Amino acid sequence: MNISLMLASAALAMAFAGAAQAGTSEREKVEVLYETTLNLIQLLVEQGVIKQEVADEMIRKAEAKAKASQQQAQEKNGPPETGEPKKGEVRVTYVPEHVKREIRDQLRSEVVSQAKQERWGDVNTVPEWLSRFKMEGDIRLREQLDFYADGNAPAANFQAIGQQIDNTTEDGNRERVRMRLGINANVTKGVDLGLRLTTGNVNGAGVTGDLVGIGSPVSTLQTFGTYNSKFSFVLDQVFLKLAPWNALTVSAGRFPNPFFVGTVGNIYTGPLPKGPHTIPTAGVVHTDLIWDVDLNFEGLAVNLNPWMKEDRVIKPFFNAGIFPLQQVNQSETVKAKDKWFYGAQAGFEWAPTDTDTTVRVGAAYYDYRNISGIRNPNFGDTLYDQSAPLFRQKGNSLFNIDNDGNPTTNLWALAADYKIANLTVVADYARFRPIHIIGALDFARNVGYDEGKILARTGQNIKPEVNAYQARLTVGYPVISERNQWQVMGFYRRSERDSMLDAFTDSNYLLGGTNHKGYTLQALYGVAHNTWLGVRYMSYDNISGLPLGIDTVNFDLNARF
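Now for a quick tour of the structure. Quick caveat: nothing in here was measured; it's all calculated off a predicted structure. (Residues numbered from 1 in each chain as written. Predicted model: local features only at pLDDT ≥ 70, side-chain atom pairs only at ≥ 80, totals over all residues. Heavy atoms only, no water.)

### Some remarks on the overall build of the protein
For the protein, the helix and strand inventory stands at six helices and 19 strands. In the protein, which comprises 561 residues, the proportion classed as buried is 43%. At a minimum sequence separation of 6, the contacts of the protein that also span at least 24 residues come to 67%. About 28400 Å² of surface is accessible on the protein, with carbon and sulfur atoms providing 57% of the total. (Helix = DSSP H or I, 4+ residues; strand = E, 2+ residues; numbered from the N terminus. Buried < 20%, exposed > 50% of the residue type's maximum accessible area, 1.4 Å probe, protein only. Contact = heavy atoms within 4.5 Å. Areas by Shrake-Rupley, 256 points an atom, 1.4 Å probe, with all protein chains shown as cover.)

### Quick word on the pairing of strand 1 (residues 133–148)
Successive residues of a regular strand alternate their side chains across the two faces of the sheet. Two strands pair when backbone bridges link them, and strand 1 and strand 2 (residues 172–188) are joined in this way by 14 bridges, in the antiparallel orientation. Following the sheet pairing, R142 is matched in strand 2 by R176. Pairing analysis gives eleven bridges linking strand 1 to strand 19 (residues 549–560), with the strands arranged antiparallel. Among the inter-strand pairings, D146 is bridged to a residue of strand 19, identified as T552. (Pairing = 2+ DSSP bridges.)

### With respect to the side chain of R254
Following the sequence through the fold, R254 ends up in strand 6 (residues 248–256). In this structure R254 comes out as buried when scored by relative accessible area, which is 18%. There is a polar contact of 2.5 Å between the side chain of R254 and the backbone oxygen of D236. Look past the residues within four positions of R254 in its chain and what remains in contact with it is L235, D236, Q237, V238, F239, N296, F297 and E298. (Polar contact = N/O pair within 3.5 Å; in protein donor to acceptor, adjacent residues only side chain to side chain.)

### Here's the deal with the pattern of salt bridges
Taken as a whole and judged by the stated rule, the model has 22 salt bridges. When the shortest N-O distance is used, the salt bridge between D556 and R142 registers 2.8 Å. Taken as a pair, D556 in strand 19 and R142 in strand 1 lie far apart in primary sequence, 414 residues in all. According to the relative accessible area criterion, D556 is buried, its value standing at 13%. Using a relative accessible area of 5% as the deciding quantity, one classes R142 as buried. Each of D138, R178, R180 and D294 takes part in one network of salt bridges that share partners. (Salt bridge = Lys/Arg side-chain N within 4 Å of Asp/Glu carboxyl O.)

### Section: the packing of aromatic side chains
Enumeration over the complete set of coordinates arrives at 21 aromatic pairs. Between F259 and Y366, the ring centres sit 5.2 Å apart and the planes meet at 75 degrees, which makes this aromatic pair edge-to-face. Placement of F259 in the loop between strand 6 and strand 7 (296–304) and of Y366 in strand 10 (residues 357–369) is noted, with a sequence separation of 107 residues between them. For Y366, a relative accessible area of 1% translates into the label buried. Seen in terms of ring centroids, F297 and F341 are 6.0 Å apart; in terms of plane orientation they differ by 45 degrees. Their pairing is tilted. Placement of F297 in strand 7 and of F341 in strand 9 (residues 339–350) is noted, with a sequence separation of 44 residues between them. By relative accessible area, F297 is classed as buried at 4%. What makes F341 buried here is its relative accessible area of 2%. Each residue in the set F239, F255, F259, W291, F297, F323, F341, Y366, Y368 and F504 is aromatic and connected to the rest through ring pairs, giving one cluster. The positively charged end of R312 is found above the aromatic ring belonging to W307, 4.3 Å away from the centroid. (Phe/Tyr/Trp six-rings, centres within 6.5 Å; stacked < 30°, edge-to-face > 60°. Lys NZ or Arg CZ within 6 Å of the ring centre and 35° of its normal.)

### Side note on the nonpolar core
If you look at the biggest cluster of nonpolar residues, it comprises 40 residues, and the most contacted ones within it are W291 and Y368. If you list the elements that add at least two residues to this core, you get strand 7, strand 10, strand 11 (398–400) and strand 12 (412–414). If sequence neighbours within four positions are ignored, W291 has contacts with N257, V261, F297, F341, Y366, Y368 and F504. In this structure, Y148, F158, Y509 and L510 belong to the second largest nonpolar core, which totals twelve residues. (Core = buried A, V, L, I, M, F, W, Y, C linked by side-chain atoms within 4.5 Å.)

### A short note on helix 6 (residues 451–458)
Think of an α-helix as 3.6 residues a turn; residues three or four steps apart then line up on the same face. The set of residues buried in helix 6 consists of I454, R457 and T458. Taken end-on, helix 6 shows its buried residues confined to a sector of 75 degrees, consistent with a single buried face. Those residues of helix 6 that are buried are in contact with strand 11. The N-capping residue of helix 6, defined by a side-chain oxygen 2.9 Å from the backbone nitrogen of G452, is D450. Where helix 6 terminates, the next one or two residues include G459, which has phi positive at roughly 80 degrees. (Arc of directions from axis to C-beta.)

### Examining the environment of L242
Here L242 shows up in strand 5 (residues 233–245). For L242, a relative accessible area of 35% puts it in the partly exposed group. Along the primary structure L242 and D192 are separated by 50 residues, whereas in three dimensions their C-alpha atoms are 6.5 Å apart.

### Some remarks on the pairing of strand 13 (residues 419–429)
Side chains of strand 13 alternate between two faces, with I420, N422, T424, V426 and D428 buried and K419, A421, L423, V425, A427 and Y429 left unburied. Alignment of strand 10 against strand 13, held across eleven bridges, turns out to be antiparallel. The partner of A364 across the bridge, within strand 13, is N422. As paired elements, strand 13 and strand 14 (residues 436–446) share ten bridges and run antiparallel to each other. Bridge assignment links Y429 to a residue of strand 14, and that residue is I437. Once strand 13 ends, the chain turns through six residues before running back antiparallel as strand 14.

Written as structure tokens, this is what we have:
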């Protein structure tokens, strides 16, 4: 039933009240008016225009106002006549005009208010709870070409020292896909939920030995060519983000990297006070010296960014977190300890007035606990098997902690401790906007490397290779979101053997890990709204140890919603 028609009917019914004061059938008119009003209100309830409790409240208020008006009339005109009415006489309770007007206005106000609140007539109406959800996602189709240098050592030689390399000579190509689907939900003010599903195999090669493989934490790519078998879809993120104040956020669960890592563009990790962000903005690239861009963190993180929204030249920020890496159930036969990772970072954003320049600086310290291996003390012991990492790529110094004398059951663990000091600087020059010129420098050093402890732990005298750096230049649109937008980027990086934990580094350069040097060139071009093409060329070689060189070319088609 049309809302305006109902209101017109209600107004017409109210108009009958004036006619109920004269005429030969006044009693019948009053009764008709009464029944008509009640039926009209009941019809509004049946049509779902108003709720039953609202109708009851309207009738109650109308009766109360009528009674009050009658009392006022009695006080003004004296007590009502007593006795039975004479033949042909009709006595009608007088309803003042202002009371009728108030009832009419109240009915209109309540009906219109409920119509606005419940969005009557809106064909796109969705339940209120559904409006608090936001869905986003992206897909990337990739053609990957890998070219191996002629002088590479055989893969068996790498495997003999624990390095996880199964091919060093055969060039190849792979067709791969990555699909991510994120759900962001506002639970209530200051409480947000993030959830992301992605492609990826949970059961993959982790470490050699008896430990069960856990898949890769740094890649969500799925490779075609499995005889049309179905792909896996896994839970990649699930977290709560609390923002009790604008300057403070607390994230708990499995969430994106909470540290500022030099992201270019208008979205960057760290100082993000508002709701969850499950899918990175198109075109945004991290200075991925220490962390792979697909890596998520498990645990608890705090981001403090006072004055981030104020008009200040210098805006400081602070990030910290604690993250479990491997839980170990200790017993009489298991003596390894839980592995943990602690991180803290302080920095600032500097935006001088009238310079079109923004500089972001972050200094961080990442401390890994109980990360190095412990050799089993007696022949056949397995007490410290779980001191070996659950996942690693390649590059870090290793030693065998299994002492059963069988070389086919070697269990490789990390030889060094890892306490990483990291400095990141990003400068964004926007004088030619929308074109930006962005430079980034990233330096890391493993200050926890101790030759004496490594010698006692492994029996090997391993010389330190503990520094890493990366220099990047990006020109173009910082975020690719529309047709004909473009971006070109190039950088040089050097990552020594034990400069950082190889498990969490980018999986592309020399196909993952540390102990490499080389360069990357990349170009992106927008072909439609939130759709872009990308090509990337990477050329890297081992720094020390056995010779290994790999060149890789990626052709990507990306789309985001």
